[in-house]
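Tertiary structure, described
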2 protein chains.
Amino acid sequence: MGRPRYQRRKEDRPQEIAEAAFAAFAEKGFTATKVEDVARRAGVSKGLLYLYFKTKEELFKAVIRGVVTPRVDELTRTLDDSELSAEAFIRGPLLTFLKRLPGSPASVVIRLMISEAPKHPDLVDYYWENVASRGLGALRQLLERGVANGEFRESAVNELPQLFIAPVMMSIVWGIVFADRSLDTDKLIETHVDMILAYIRA
Amino acid sequence: MGRPRYQRRKEDRPQEIAEAAFAAFAEKGFTATKVEDVARRAGVSKGLLYLYFKTKEELFKAVIRGVVTPRVDELTRTLDDSELSAEAFIRGPLLTFLKRLPGSPASVVIRLMISEAPKHPDLVDYYWENVASRGLGALRQLLERGVANGEFRESAVNELPQLFIAPVMMSIVWGIVFADRSLDTDKLIETHVDMILAYIRA
DNA sequence: TGCCTTACTGACTCATTGGTCAGTAAGTAT
DNA sequence: ATACTTACTGACCAATGAGTCAGTAAGGCA
């Protein structure tokens, strides 16, 4: 008669809880987020959350991994597929990718990593292996290709792919701290890439 | 007979407590730091700390202000005093200043701002007025001087002094997240400044 | 030497929150 | 229908840590 008070949906719960958690973490950060709030957001009791995730930390790690993994593949895949010259690739797909980052979930992840890194060394390891080192490796490879086919000269930039990320990081941090005071992040990143290309062009 | 269990040192206590707090915050961040630990570190009881600082937040703000204020004056003062050409100033004093930042207390402040900004809007305002906007203003002024006396051409960089900070921010964030995995921050910053100058030179 | 002000102590309160678990009811098989 | 499994609930527990305050003693002054 009365409709059921809840449905059993073993398959979907973990995903739904993880999504709720990501939203909550994005708003208030890890520590300030209460497990109970995540549960409520996911339309579930606290007890159930603990059935699927052993601790709050487990949940945190699962969430980060879930967001991070797909993103990286995107970049490396487009890089591998592309037949463009190094410069064309940088001005095209890479620039687009970089400009998207500050507004994407990636920026939430960065914020969480900065705040929580000291307390979660294993998460840092994961992030390093699956994101940072792979991303930087791909960039380095791209630069070497450019040098190999005579587009670029040898320069310190080859050893410092972090230079490509610098303005993105700047934009992300700016967004976190000065949320309201606007900064034209697209222009910042574009100008920066322009600078790099002018600098390394053969 | 027995020597006194404590000394009364009304004058020095606040300073000492603030220093202890900075050290504690630097190690564990704001939330993870217990007021009692700060007190112990300062060689003082928790009760006394609360005599000088109304709440943990008050303490936090006082600490940030204490670290931040002197640093900024340093930059603007050297800029005003200098008779160097714009380029010489950038390659000399400014570069030195920028390279020092990642290892300085400034980087601790940045980390704390990133983690706590959403919860402390008034602190963000203070930081904006006393650090960010003044620092960026000084940089913008420097660039304009360079344009005025024919050293530099007009370029988008004039509107984006954040470009100078980008590699510094990158280095700071790198240091926070990947403390151990080394990055040659000096080289990163130097190369970057090199790039900018090549780009804007008339 | 004794008195008085107040810097200082530390045991206490109380709100918060991560984590548990005995019980409930949804769905399934017979 | 009835029995049975287990996804799910929510009241509860225990630990933690910010903030308080009644009391103590340092040190200056008469």
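Residues numbered from 1 in each chain as written. Chains lettered and ligands numbered in written order. Predicted model: local features only at pLDDT ≥ 70, side-chain atom pairs only at ≥ 80, totals over all residues. Heavy atoms only, no water.

Before going further, it helps to examine the protein's contact with DNA strand C. Close to DNA strand C lie 25 residues, the nearest being K46(A), R8(B), R9(B), S45(B) and Y52(B). Sugar plus phosphate: this is where 69% of the atoms of DNA strand C within 4 Å of the protein reside. Within the backbone of Q7(B), an N or O atom sits 3.2 Å from a phosphate oxygen of DNA strand C. The side chain of R13(B) places a nitrogen or oxygen atom 2.9 Å from a phosphate oxygen of DNA strand C. Among the elements of the structure, α3 (46–52) of chain A together with α3 (46–52) of chain B are those that each provide at least two residues to the surface near DNA strand C. Looking at the surface near DNA strand C, its residues break down into eight nonpolar, seven polar and 10 charged. (Near = heavy atom within 4 Å. Polar contact = N/O pair within 3.5 Å; in protein donor to acceptor, adjacent residues only side chain to side chain. Helix = DSSP H or I, 4+ residues; strand = E, 2+ residues; numbered from the N terminus. Nonpolar A, V, L, I, M, F, W, Y, C, P; charged D, E, K, R; others polar.)

Turning to the relation of the copies chain A and chain B, a few remarks are in order. Rotating chain A by 180 degrees and moving it 0.0 Å along the rotation axis overlays it on chain B with an RMSD of 0.0 Å. When the rotation and shift are considered jointly, the pair of chain copies conforms to a two-fold rotation axis. A symmetric contact is evident, with 100% of the interface residues of chain A recurring at the interface of chain B. (Least-squares fit on C-alpha atoms with pLDDT ≥ 70 in both. Contact = heavy atoms within 4.5 Å.)

Residue and element names in this part refer to chain A. All told, the structure shown has 28 salt bridges over all chains when counted by the stated rule. Notably, a salt bridge pairs E16 with R9, separated by 2.3 Å at the nearest N-O pair. One salt bridge in this structure joins R41 and E27, with 2.8 Å as the shortest N-O distance. Separated by 14 residues along the polypeptide, R41 in helix α2 (residues 35–41) and E27 in helix α1 (residues 13–28) bring together distant segments of the chain. For R41, a relative accessible area of 43% gives the class partly exposed. Since its relative accessible area comes to 51%, E27 is described here as exposed. Taken together, the shared-partner salt bridges in this structure form one network comprising R9, D12, R13 and E16. (Salt bridge = Lys/Arg side-chain N within 4 Å of Asp/Glu carboxyl O. Buried < 20%, exposed > 50% of the residue type's maximum accessible area, 1.4 Å probe, protein only.)

All names here are of chain A. Tracing the backbone through its elements, the reader meets R40 in helix α2. The exposure class assigned to R40 is exposed, which follows from its relative accessible area of 56%. In sequence terms R40 and I17 are 23 residues apart; their C-alpha atoms lie 9.5 Å from each other. Within the local environment of R40, its side chain forms a polar contact with the side chain of D37, the two groups lying 2.9 Å apart.

The environment of DNA strand D is formed by 25 residues, the closest being R8(A), R9(A), S45(A), Y52(A) and K46(B). Backbone atoms, meaning sugar plus phosphate, form 69% of the atoms of DNA strand D positioned within 4 Å of the protein. Side-chain polar atom of R13(A) to a phosphate oxygen of DNA strand D: 2.9 Å apart, as the coordinates give it. Mapped by element, the contributors of at least two residues to the surface near DNA strand D are α3 of chain A together with α3 of chain B.

Right, let's talk about the interface of chain A and chain B for a bit. Across the boundary between the two partners, chain A contributes 40 residues, which contact 40 residues of chain B. Of the roughly 3800 Å² buried between chain A and chain B, counting both surfaces, carbon and sulfur atoms make up 81%. The three residues of chain A that bury the most area against chain B are I114(A), M195(A) and Y199(A), which together make up 16% of that side's buried surface. Taken together, chain A and chain B are joined by two salt bridges. The partner of D125(B) in a salt bridge is R181(A), with the nearest N and O atoms 3.0 Å apart. Here chain A and chain B share six residue pairs in polar contact (both at pLDDT 80 or more) between them. Elements that contribute at least two residues to the side of chain A that touches chain B include exactly α6 (105–116), α7 (121–148), α8 (162–177) and α9 (185–200) of chain A. (Buried area = accessible area lost by both parts, 1.4 Å probe.)

All names here are of chain B. With respect to the element layout, G47 can be found in helix α3. Among the residues examined, G47 registers a relative accessible area of 52% and is labelled exposed. When the C-alpha atoms of G47 and E36 are compared, they prove to be 9.2 Å apart, with 11 residues separating the residues in sequence.

The next subject is the domain arrangement of chain A. Residues and elements named next belong to chain A. According to the domain assignment, chain A contains domain 1 (5–54) and domain 2 (68–200). Here the C-alpha centre of domain 2 lies 31 Å away from the C-alpha centre of domain 1. At the interface, eight residues of domain 1 touch seven residues of domain 2. Between domain 1 and domain 2, a total of about 550 Å² is buried, with carbon and sulfur atoms accounting for 65% of that surface. Three residues, F22, A26 and F30, lead the burial of domain 1 against domain 2; their summed loss comes to 66% of the area buried on that side. Where domain 1 meets domain 2, there are zero salt bridges. Split into classes, the residues belonging to the side of domain 1 that touches domain 2 amount to four nonpolar, two polar and two charged. (Domains from an automatic or database assignment.)

Turning next to the packing of α8(A) against α9(A). All names here are of chain A. At their nearest, the axes of α8 and α9 sit 9 Å apart, and the two run at 165 degrees to each other. Taken together, the axes of α8 and α9 lie roughly antiparallel to each other. Judged by the sense of rotation from one axis to the other, the crossing of α8 with α9 is right-handed. Seen from α8, the contacting residues are L163, F164, P167, V168, M170 and S171; seen from α9, they are T185, L188, I189, H192 and I196. (Axes fitted to C-alpha atoms, helices over the stretch in contact; angles between N-to-C directions. Parallel < 35°, antiparallel > 145°, perpendicular 65-115°, else oblique. Left-handed = near helix turned anticlockwise from the far one by under 90°.)

Since there are 3.6 residues in each turn of an α-helix, residues three or four apart along the chain are aligned in direction. For α8(A), built from 16 residues, the straight-helix expectation of 22 Å at 1.5 Å per residue is met to within 8% by its first-to-last C-alpha distance of 22 Å. Of all the 16 residues making up α8(A), 14 are buried; the element is thus mostly covered by neighbouring parts of the structure. (Expected span 1.5 Å × (residues − 1).)

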